[in-house]
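Geometric and topological summary
These are the residues of each chain, in order.
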Amino acid sequence: MDQATNSSAGMTDGKITRQLLKMRSGEFDLESIHSMILREMGISDLGCIGECTGLERLDLSRNDISKLYNLASLSSLAHLNLSANRISSLEGLQSLDNLKTVNLAGNLLGSIDTLHCLAGLEKLEELRLKDDIHELTNPICMRVSYREDVLQMFPKLLILDGERLKGKGSELYKLCAEIDRDLAESICHAGPVKEIPMPTAWVPKGYWDRSEEKKREDLAIEDAEKQLTDLIAECKRLNSVAEDNLNGMVNRLAKTDTSS
């Protein structure tokens, strides 16, 4: 394969082509594509992605993208994932009037001013600039006033960095966050955790061992069986003696009657 051709078929020099889009979507007309996943493909140039005017969902995460101008014509786009790229400017996104969610975690956004391109998007509900689970962030997230600045710029946001700000579940999320914070503070103030001694046994070894108990029960049963066997044998012996005595008495009485 030519060195200029990316390992992903249909893409050359990291540039999105019509061939790539058709192969990945199975659609002949680019306008008919509604969802596209182009994750981890070494993309650095968005190429003809702007021709997919029917796109509603687009995943371009984990590539080498730095410029977003070619996304400007995707007026139907509602969900966009641009995490883990090399983006420092959001120019091109300001025209995406139907955009509801955008993931920008793991990029090079260093100033709150770079977010102004998104401020006019009335339908924007969810914005992610950092992802603690996947260890993705932006320089802007290091600001002390980061959260307050973002919420001031986007007062209608429902979710920021995975945290629900409004609506169902927001109160529970805040409560859990407060509990985590209180626990962390209490651990810091309490100092190092004291070593807890290992518990010791309070009953003799083997006390709870059913096998020993069963052995004792078996021995008791064997002993009872032996006593019963001996008792039956003694009863038989006494019965035999009684029968012999009775027979003797009958014989003596018979002789006495004959002699009379």
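Residues numbered from 1 in each chain as written. Predicted model: local features only at pLDDT ≥ 70, side-chain atom pairs only at ≥ 80, totals over all residues. Heavy atoms only, no water.

**Quick look at the overall build of the chain**
Looking only at helices and strands, the chain has 5 helices and 7 strands in total. Shown N-terminal to C-terminal, the secondary structure of the chain runs as helices and strands in the order α-β-β-β-β-α-β-α-β-β-α-α. Looking at the chain as a whole, 31% of its 260 residues are labelled buried. The long-range share in the chain, meaning contacts at least 24 apart out of those at least 6 apart in sequence, stands at 35%. Just so you have it, the chain exposes about 17,500 Å², and 54% of that area is on carbon and sulfur atoms. (Helix = DSSP H or I, 4+ residues; strand = E, 2+ residues; numbered from the N terminus. Buried < 20%, exposed > 50% of the residue type's maximum accessible area, 1.4 Å probe, protein only. Contact = heavy atoms within 4.5 Å. Areas by Shrake-Rupley, 256 points an atom, 1.4 Å probe, with all protein chains shown as cover.)

**Here's the deal with a nonpolar patch on the surface**
Together, Leu228, Leu231 and Ile232 make up a nonpolar patch on the protein surface, roughly 280 Å² of accessible area in all. Examined against the element boundaries, Leu228 turns out to sit in helix α5 (residues 210-259). (Patch = residues over 30% accessible without salt bridge, like charges linked within 9 Å, V, L, I, M, F, W, Y side chains within 5 Å. Salt bridge = Lys/Arg side-chain N within 4 Å of Asp/Glu carboxyl O.)

**Some words on the environment of Ser32**
Among the secondary structure elements, Ser32 is positioned in the loop between α1 (18-25) and β1 (35-37). Counting along the chain gives 20 residues from Ser32 to Cys52, while the straight-line C-alpha distance between them is 7.3 Å.

**With respect to the confidence of the model for the chain**
In the predicted model, the chain carries a mean pLDDT of 84, and 77% of its residues have values of at least 70. Confidence drops under pLDDT 50 across residues 1-7; counting only partners more than four residues distant or on other chains, this segment forms 10 contacts. (pLDDT = per-residue confidence, 0-100.)

**Considerations on the sheet that holds strand β6 (residues 159-160)**
The strand order across the open sheet formed by 7 strands is β1-β2-β3-β4-β5-β6-β7, and the pairing between neighbours is mixed. In this open sheet, the two strands that pair with only one neighbour each are β1 and β7 (163-164). Across 2 bridges, β6 lies against β7 in antiparallel orientation. Considered in β7, the bridge of Leu160 is made with Glu163. (Pairing = 2+ DSSP bridges.)

**Regarding unusual backbone geometry**
Backbone geometry at Glu40 places phi at a positive 50°, although glycine is not the residue there. If you trace the backbone, Glu40 turns up in the loop between β1 and β2 (57-59). Look at Glu40 and you get exposed, because its relative accessible area is 57%. At Glu135, a residue that is not glycine, the phi angle is positive and equals roughly 55°. Mapped onto the fold, Glu135 is located in the loop between β5 (126-128) and α3 (146-153). Relative accessible area serves as the criterion here: at 73%, Glu135 is assigned to the exposed category.

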